[in-house]
Amino acid sequence: MSDTATPKPGRVLVAADDLRTFAAALLEKGGLNAEQARTTADVCVWAALRGVDSHGIARVPAYLELLAKGVANADADITVESTAPAAAVLDADRAPGPVALGAAADGAVTRARVSGVAAVGVRRTVHTGAIGYYVSRIAEQGLVGIGYVAGMPNMAYTGVKGAAVATSPSPSPYRRRPTPHCCSTWPPPPSPSARSARRWRAASRCPRAPLLQLTAPRPPTPNSRSCRCRWAASKAPGCPSRSNSLTSVLVGAPILAAFHSDDPQGRKHRQNALLIALDPAAFGDPAAFTEAADATLATLKQLPPADGAEGVFYPGERSAAVAESRGAKGIPVAPKVWRELTEAAGKFGLTLPEPVPSA
């Protein structure tokens, strides 16, 4: 595996702890209280360590902008409604996603300790951040975590013209970094416009990504030598509707129907989520569960790899290796993001963290 902690030209290496402290200070200046700022910074750095740079430190300037514009609520009145011991709905009142989902994850753990299984829905949050962080937060407590997210419609749906549903991901630790659907994957890009398709090409780093209409037939697989996409996962069309049902309809905050209605408020940015925690102790011997899980992963690792594959990896294995490397050598920050952090530091009178000398 390549060392992804080695920065590309123009990138700045920063120690994870320094970046976390600095990000928290910026977010606190942006309006969050100290605890909320630390949680949000931790989510961003968690993603950055694992190579998910789209949801990493680049999100800090984005959250600052959301707070400044009032899209995110720095003084949110977060409430929890519950009519059953194992279920609850958290109304985020437009709090940033890390604030709302961090609380939801902890609530799910607390309830699962009592009931064995617990689900906490989140409605009316703003950009959930890296959802893998929250299920990892549940897993760190010795429980099994499952998460769903639904946002604003921005991608295709089978047979529909125009943006129809949200990408609505579940955690996918197989990915070393999120890569858009490229020319060798399906479904096609989320917008039929040429401008959006050009952005798609730039984001995927693949010049052969075609300008597809949403109802276009599946494109042919390109010559692998001319396609620089590293990996991309396609989602079944049913996944977004399932996520929307679990995270939006279930918690009384439907996004899809409102977005496609005549109500202008229906297009106001918001996201919902559902976090589920399962306590292995409720299903049997926790030690036996751990032993069986270890045996499952060991068996998976021993399976013969496909031709051309780098190896057989279990969920989260490669991102954990990236996190170890970046934790030791520093997190690479892109030039544009570093400029934005520099501007924010100057605005709030903060000192930038010292870059780590690259080898």
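Up top is the structure.
None of these values were measured; they are calculated from a predicted model.

**Q** An account of helix α5 (residues 131-139) is requested, with residue identities and associated values reported.
**A** Considered for burial, the residues of α5 that qualify are I131, G132, Y133, Y134, V135 and I138. Lining the buried residues of α5 we find α2 (34-49), α4 (97-115), β5 (144-150) and β6 (271-278).

**Q** Account for the side chain of T128, naming residues and giving values.
**A** Mapped onto the secondary structure, T128 falls in the loop between β4 (117-125) and α5. Residues within four places of T128 in sequence aside, it is in contact with Y63, G97, P98, L101, Y134, V149, Q271 and N272.

**Q** Give a description of the packing of helix α1 (residues 16-29) against helix α3 (residues 59-69) that names residues and reports values.
**A** Relative to each other, α1 and α3 sit at 10°, their axes nearing to 10 Å. On the basis of their axis angle, the class for α1 and α3 is roughly parallel. Together, A23, L26 and L27 of α1 and V60, Y63 and L64 of α3 make up the contact between the two elements.

**Q** Which residues make up the nonpolar core, and what values go with them?
**A** What tends to happen in soluble globular proteins is that the nonpolar side chains get buried as a cluster. Membership of the largest hydrophobic core comes to 31 residues, with the highest contact counts inside it found for L26, L27, I57, V60, I331, V333 and L341. Ranked by size, the runner-up nonpolar core spans 30 residues in total, among them V43, V52, V99 and Y134.

**Q** A description of the environment of K301 should follow, citing residues and the corresponding values.
**A** Along the polypeptide, K301 turns up in helix α9 (residues 286-302). A C-alpha to C-alpha distance of 8.2 Å links K301 and G311, two positions 10 residues apart in sequence. Among all residues touching K301, those that are not within four sequence positions of it are V312, F313, Y314 and E317. One polar contact links K301 to E317, side chain to side chain, over a distance of 2.7 Å.

**Q** How would you summarise α2 if you had to cite specific residues and measurements?
**A** For α2, which comprises 16 residues, the first-to-last C-alpha distance of 22 Å matches the rise-based estimate of 22 Å (1.5 Å per residue) to within 8%. Most of α2 is tucked away: 12 of the 16 residues are buried. Looking at the packing, one finds that the buried side of α2 touches α1, α3, α4, α5, α10 (317-329) and β7 (331-333). For α2, the N-terminal cap is N33; the gap from its side-chain oxygen to the backbone nitrogen of E35 is 3.2 Å. G51 occupies a position one or two residues after α2 and carries a positive phi of about 85°.

**Q** Can you break down the pairing of strand β2 (residues 79-84) residue by residue, with the values?
**A** Strand direction decides the pairing type here: β2 and strand β3 (residues 87-91), joined by four bridges, are antiparallel. Residue pairing across strands places E81 opposite V89, the latter belonging to β3. Hairpin connection, β2 to β3: the antiparallel pair is bridged by two residues.

**Q** Give me the lowdown on the packing of α1 against helix α11 (residues 335-348), citing residues and values where you can.
**A** It is the contact of α1 with α11, at a shortest axis distance of 10 Å, that shows an interaxial angle of 55°. Here α1 lies oblique to α11, going by the angle between them. For α1 against α11, the interelement crossing comes out left-handed. Taken together, the residues of α11 that come into contact with α1 (itself represented by F22, L26 and K29) are L341, A344, A345 and F348. A class-by-class count of the residues in the contact of α1 with α11 yields six nonpolar, no polar and one charged.

**Q** I'd like a rundown of the environment of K347, residues and numbers included.
**A** Tracing the sequence through the fold places K347 in helix α11. Along the sequence, K347 and K29 sit 318 residues apart, while their C-alpha atoms lie 9.6 Å from each other.

**Q** Any chance you could break down the packing of aromatic side chains for me, citing the residues and the numbers?
**A** All told, the structure shown has two aromatic pairs when counted by the stated rule. Ring geometry for W46 against Y133: centres 6.0 Å apart, planes inclined by 85°, an arrangement best described as edge-to-face. Note that W46 is positioned in helix α2 and Y133 in helix α5, a separation of 87 residues in sequence. Summarising the burial analysis for this pair, W46 and Y133 share the class buried. Seen from their ring centres, Y133 and Y134 are 5.3 Å apart, and the 85° between their planes marks the pair as edge-to-face. Three or more aromatic residues joined by ring pairs form one cluster here, namely W46, Y133 and Y134.

**Q** Quick one: what's the story with the environment of L27, residue by residue and with numbers?
**A** Along the chain, L27 turns up in helix α1. With a relative accessible area of 0%, L27 lands in the buried category. Along the chain, L27 and Y63 lie 36 residues apart, while their C-alpha atoms are 7.8 Å from each other. Residues within four places of L27 in sequence aside, it is in contact with L32, A37, T40, A41, V60, Y63 and L64.

**Q** Account for unusual backbone geometry, with residues named and values stated.
**A** One non-glycine residue with positive phi stands out, namely R94, at about 70°. Its place among the elements puts R94 in the loop between β3 and α4. A relative accessible area of 23% places R94 in the partly exposed class.

**Q** Describe in detail the sheet that holds β2, supporting the description with residues and values.
**A** Strands belonging to one sheet form pairs held by backbone hydrogen bonds; the direction of such a pair is parallel or antiparallel. Taken in spatial order, the five strands make up an open sheet running β2-β3-β4-β6-β5, and their pairing is mixed. Looking along the sheet, the strands with just one partner apiece sit at the ends: β2 and β5. For this sheet, the mean inter-axis angle between neighbouring strands, taken without regard to orientation, is 15°. The pairing of β4 with β6 spans seven bridges and is antiparallel. Bridging across to β6, T125 finds its partner in Q271. Docked against the sheet, α4 engages β2, β3, β4 and β6, running at close to 160° with respect to β4.

Definitions and limits used
- Residues numbered from 1 in each chain as written.
- Predicted model: local features only at pLDDT ≥ 70, side-chain atom pairs only at ≥ 80, totals over all residues.
- Heavy atoms only, no water.
- Buried < 20%, exposed > 50% of the residue type's maximum accessible area, 1.4 Å probe, protein only.
- Helix = DSSP H or I, 4+ residues; strand = E, 2+ residues; numbered from the N terminus.
- Contact = heavy atoms within 4.5 Å.
- Axes fitted to C-alpha atoms, helices over the stretch in contact; angles between N-to-C directions.
- Parallel < 35°, antiparallel > 145°, perpendicular 65-115°, else oblique.
- Core = buried A, V, L, I, M, F, W, Y, C linked by side-chain atoms within 4.5 Å.
- Polar contact = N/O pair within 3.5 Å; in protein donor to acceptor, adjacent residues only side chain to side chain.
- Expected span 1.5 Å × (residues − 1).
- Pairing = 2+ DSSP bridges.
- Left-handed = near helix turned anticlockwise from the far one by under 90°.
- Nonpolar A, V, L, I, M, F, W, Y, C, P; charged D, E, K, R; others polar.
- Phe/Tyr/Trp six-rings, centres within 6.5 Å; stacked < 30°, edge-to-face > 60°.

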